[in-house]
Amino acid sequence: MARLTINGKPYEIDVDPDTPLLWAIREWVGLTGTKYGCGIAQCGACTVHVDGVATRSCSLPVSAAAGKQITTIEGLARNGKLHAVQQAWVDHDVPQCGYCQTGIIMAVAALLKEKPKPTDADIDEAITNICRCGTFQQVREAIHMAASA
């Protein structure tokens, strides 16, 4: 039995300890905003926060996440108000297909928590998520907008 705290709510789920956190979030908890992309922690579609750190959930076993605070895209907004990054995404029409966007938003939110006014070099270093649509210019503009909020 794994005890997870996701978006501030406790969950007890009966999964193998080696089950990737991604599948516990999607299949056992029912939060489907976190996406499966590559399964090898390269693309970033599965990014969540674990104790505030952007983490690729497809390769993190549930056993390593137990007892930690996990935040998914569903938990980023507070009291019905979008997180500054989510609002910047809307304002800059960032997503095209949108599949990878939740992972990128989570990575950016973690970056801004660590570096509230990131440079382009900071963004290049921290945001390694892959977007096949190629909306990287809008992503960069939205990051700078969220940083100024």
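Here, every reference points to the structure presented above.
Right, let's walk through the structure included here. This structure is a prediction, so every number in the text was calculated from the model and none was measured. (Residues numbered from 1 in each chain as written. Predicted model: local features only at pLDDT ≥ 70, side-chain atom pairs only at ≥ 80, totals over all residues. Heavy atoms only, no water.)

Some words on the nonpolar core
By size, the foremost hydrophobic cluster in this structure holds 23 residues, and its most contacted members are Val 85, Trp 89, Ile 104, Val 108, Leu 112, Ile 127 and Ile 143. Of all the secondary-structure elements, those providing two or more residues to this core are helix H3 (84-91), helix H4 (101-114) and helix H6 (136-148). Of all the elements, H4 adds the most residues to this core, at eight residues. Not counting residues up to four positions away in its chain, the partners in contact with Ile 127 are Ile 104, Ala 107, Val 108, Leu 111 and Ile 143. By size, the runner-up hydrophobic cluster in this structure holds 17 residues, among which are Ile 13, Val 15, Leu 21 and Leu 31. (Core = buried A, V, L, I, M, F, W, Y, C linked by side-chain atoms within 4.5 Å. Buried < 20%, exposed > 50% of the residue type's maximum accessible area, 1.4 Å probe, protein only. Helix = DSSP H or I, 4+ residues; strand = E, 2+ residues; numbered from the N terminus. Contact = heavy atoms within 4.5 Å.)

Concerning the pattern of salt bridges
Counted by the stated rule, this structure contains four salt bridges. Arg 140 is paired through a salt bridge with Asp 120; the nearest N and O atoms lie 3.2 Å apart. With a gap of 20 residues between them, Arg 140 in helix H6 and Asp 120 in helix H5 (residues 120-126) connect regions that are remote in the sequence. Here Asp 124 ties to Arg 140 by a salt bridge, and the two come within 2.6 Å at their closest N and O atoms. On the criterion of sequence distance, the pair formed by Asp 124 in helix H5 and Arg 140 in helix H6 is long-range, its members being 16 residues apart. Among the residues examined, Asp 124 registers a relative accessible area of 48% and is labelled partly exposed. Three or more residues are tied together by salt bridges with common partners; here these are Asp 120, Asp 124 and Arg 140. (Salt bridge = Lys/Arg side-chain N within 4 Å of Asp/Glu carboxyl O.)

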